[in-house]
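# Understanding the architecture of this molecule
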Amino acid sequence: MPDSALFVQQGVDQPPVVNPKASSFYKRNQAPVHAAQTYIDGIRSGNLSLLSQAITLIESTRADHQRIARKVLEACLPLSGNSIRVGITGVPGSGKSTFIEAFGSYLTKEGHRLAVLAIDPSSERSKGSILGDKTRMETLSGDPHAFIRPSPNSGSLGGVARKTRESVILCEAAGYDVVFIETVGVGQSEIAVHSMTDFFLLLMLSGAGDELQGIKRGIMEMADLIVITKADGSNVEKASLAQALYQNALHLFPPSASGWTPQALTASAIEHRGLEEVLQKIRDYFSLTKANGYMQHKRREQARYWMQQTIDETLRDRFFKHPDMERLLPAYEQKVLEGKLDSFAAASALIQQFDAS
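Below: a short report on this structure.

Rules and cut-offs
- Residues numbered from 1 in each chain as written.
- Predicted model: local features only at pLDDT ≥ 70, side-chain atom pairs only at ≥ 80, totals over all residues.
- Heavy atoms only, no water.
- Salt bridge = Lys/Arg side-chain N within 4 Å of Asp/Glu carboxyl O.
- Helix = DSSP H or I, 4+ residues; strand = E, 2+ residues; numbered from the N terminus.
- Core = buried A, V, L, I, M, F, W, Y, C linked by side-chain atoms within 4.5 Å.
- Buried < 20%, exposed > 50% of the residue type's maximum accessible area, 1.4 Å probe, protein only.
- Contact = heavy atoms within 4.5 Å.
- Pairing = 2+ DSSP bridges.
- Right-handed = clockwise from strand over helix to strand, strands pointing away.
- Expected span 1.5 Å × (residues − 1).
- 1 Å grid on protein atoms, 1.4 Å probe; cavity = no way out; pocket = protein on both sides within 12 Å on 5 of 7 lines; lining within 4 Å.
- Points joined across faces, edges and corners; volume = space filled by probe spheres on them.
- Nonpolar A, V, L, I, M, F, W, Y, C, P; charged D, E, K, R; others polar.
- Axes fitted to C-alpha atoms, helices over the stretch in contact; angles between N-to-C directions.
- Parallel < 35°, antiparallel > 145°, perpendicular 65-115°, else oblique.
- Left-handed = near helix turned anticlockwise from the far one by under 90°.
- Phe/Tyr/Trp six-rings, centres within 6.5 Å; stacked < 30°, edge-to-face > 60°.
- Lys NZ or Arg CZ within 6 Å of the ring centre and 35° of its normal.

Once that is clear, we can look at the pattern of salt bridges. As enumerated under the stated definition, the model contains nine salt bridges in all. For Lys163, the salt bridge is made with Glu313, and the minimal N-O distance between the two is 3.3 Å. Placement of Lys163 in the loop between strand 3 (146-152) and helix 8 (164-173) and of Glu313 in helix 13 (residues 294-321) is noted, with a sequence separation of 150 residues between them.

This is how it looks when you write it as structure tokens:
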């Protein structure tokens, strides 16, 4: 026994905080990467596992994954374009997921095959996402005629996943004739979603103050249909009042180029009321815009828009991944932070060196 009172008897060695086998376990449970033709055949046959894996490849930033994804997209493109593309957004608390589950179940009972691409916001700190839509849409997740794919927005502008439009193409090639794109909420994301869908559905909540102040005018102008949700129980009268207010407000906006007159409806996802009317309005819209040629015109314009967006994205990636830029950027950032160089001058200098390299 040592004389010092500070002696500490050797205890049992503590196990490591992180399981040393975790890395191998993760790699073992990753889906293997197949040849492009395997994904193409699987998508055409309606294999949900291969469809999900193909979308994962599209979302990946790895060069080898992107090469396979590009081949899959090129093969699926001729099979796409036959679905009803609906963008769905709404104010916080309007019950987007609840409405989508109820409306989606109604659609599958009507004989449709539904794909739901739900965009989850990524954390600015950890860059992670909850991706909880399959949990929130428990009934629809188990529907054999529905496919739900939550995706992180990965910090892209407006909360729209970077490869959502390509995911739509794969879902259409897999035979889904209705595609929902759910945004993270009212904001810049609606602009991007509007540019990749045919019909824009805005969900609103009654009884939450001045309804007409609860949404930006720009979002209302994009809406083809406004639905006042939770129109059940004691909220029915408030929902009807909100419907009248929005209907009057819609008449103040300039006519749409589609020739369609936006309307406001009420619906209850819990009591499954109003869903038939919502579907009928969507069908009426498609009948009108296909007959007057607006549908074809809009999709061509969308294709041009996304070509430009792809160019922007590709040039941005090349710039930041260029070895010279990776070496020079930290020094220029430090000069900007210290106030030694104007941010515009720094950007101009970097671009000039990028062009010269």
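Don't stop here, the text continues.
With that out of the way, let us pick up the nonpolar core. In terms of nonpolar packing, the biggest core is built from 49 residues, with Ile43, Leu51, Val72, Leu170, Met220, Ile226 and Tyr246 touching the most fellow members. Grouped together as the second largest cluster of nonpolar side chains are 33 residues, Val178, Leu201, Leu225 and Ala267 included.

Among the structural elements, Val116 can be located in strand 2 (residues 114-120). Judged by relative accessible area, Val116 falls into the buried class, the value being 0%. For the pair Val116 and Val178, spaced 62 residues apart in sequence, the C-alpha to C-alpha distance is 8.6 Å. Here Val116 is in contact with Ile100, Met137, Leu140, Phe147, Ile148, Arg149 and Phe180, once residues within four sequence places are set aside.

The next point concerns the pairing of strand 7 (residues 263-266). Pairing of strand 6 (residues 225-229) with strand 7 involves four bridges; the strand directions are parallel. In the sheet register, Ile226 faces strand 7, and the bridge partner there is Ala264. Between the parallel pair strand 6 and strand 7, the chain is carried across by helix 11 (residues 236-250), and the sense of this crossover is right-handed.

Our next topic: helix 13. Here helix 13 spans 40 Å end to end across 28 residues, near enough to the 40 Å set by a 1.5 Å rise per residue. For helix 13, the set of buried residues is Tyr294, Met295, Lys298, Arg299, Gln302, Trp306 and Phe319.

What follows is about unusual backbone geometry. The phi torsion at Lys230 lies on the positive side, around 55°, for a residue other than glycine. Mapped onto the elements of the fold, Lys230 is located in the loop between strand 6 and helix 11. Classification of Lys230 as partly exposed rests on a relative accessible area of 39%.

In this structure the tally under the stated criterion is one cavity of 30 Å³ or more. If you trace the largest cavity, you find it lined by Ile84, Val86, Phe103, Leu107, His112, Val178, Phe180, Leu279, Ile282 and Arg283. The set of elements that each furnish at least two residues to the lining of the largest cavity consists of strand 1 (84-90), helix 5 (96-109), strand 4 (178-182) and helix 12 (275-291). Residue contributions to the lining of the largest cavity peak at three residues, all from helix 12. Among the residues making up the lining of the largest cavity, the classes are represented as eight nonpolar, one polar and one charged.

Packing of helix 2 (residues 36-44) against helix 4 (residues 63-76) leaves a shortest axis separation of 9 Å and a crossing angle of 40°. By the angle between their axes, helix 2 is oblique relative to helix 4. Crossing handedness for the pair helix 2 and helix 4: right-handed. For the pair formed by helix 2 and helix 4, the contact residues are Ala36, Tyr39, Ile40, Ile43 and Arg44 on the first element and Ile68, Lys71, Val72, Ala75 and Cys76 on the second. In terms of residue class, the contact of helix 2 with helix 4 is made up of eight nonpolar, no polar and two charged.

Following both chains from N to C, one finds helix 4 and helix 8 inclined at 50°, their axes separated by 9 Å at the closest point. As the angle between them shows, helix 4 and helix 8 are arranged oblique. Between helix 4 and helix 8 lies a crossing whose hand is left-handed. Here Val72, Leu73 and Cys76 of helix 4 come into contact with helix 8, specifically with Glu166, Ile169, Leu170 and Ala173. Split into classes, the residues belonging to the contact of helix 4 with helix 8 amount to six nonpolar, no polar and one charged.

Below, the discussion takes up the packing of aromatic side chains. Taken as a whole and judged by the stated rule, the model has nine aromatic pairs. With a centroid separation of 5.1 Å and an interplanar angle of 85°, the aromatic rings of Phe319 and Phe320 are classed as edge-to-face. Site record: aromatic cluster; members linked through ring pairs are Phe199, Trp260, Tyr285 and Phe286. When the ring centre of Tyr176 is taken as reference, the NZ or CZ atom of Arg113 above it lies at 4.2 Å. It is Lys335 that lies over the ring of Tyr332; its NZ or CZ is 5.5 Å from the centre.

The analysis is restricted to geometry; functional conclusions fall outside its scope.
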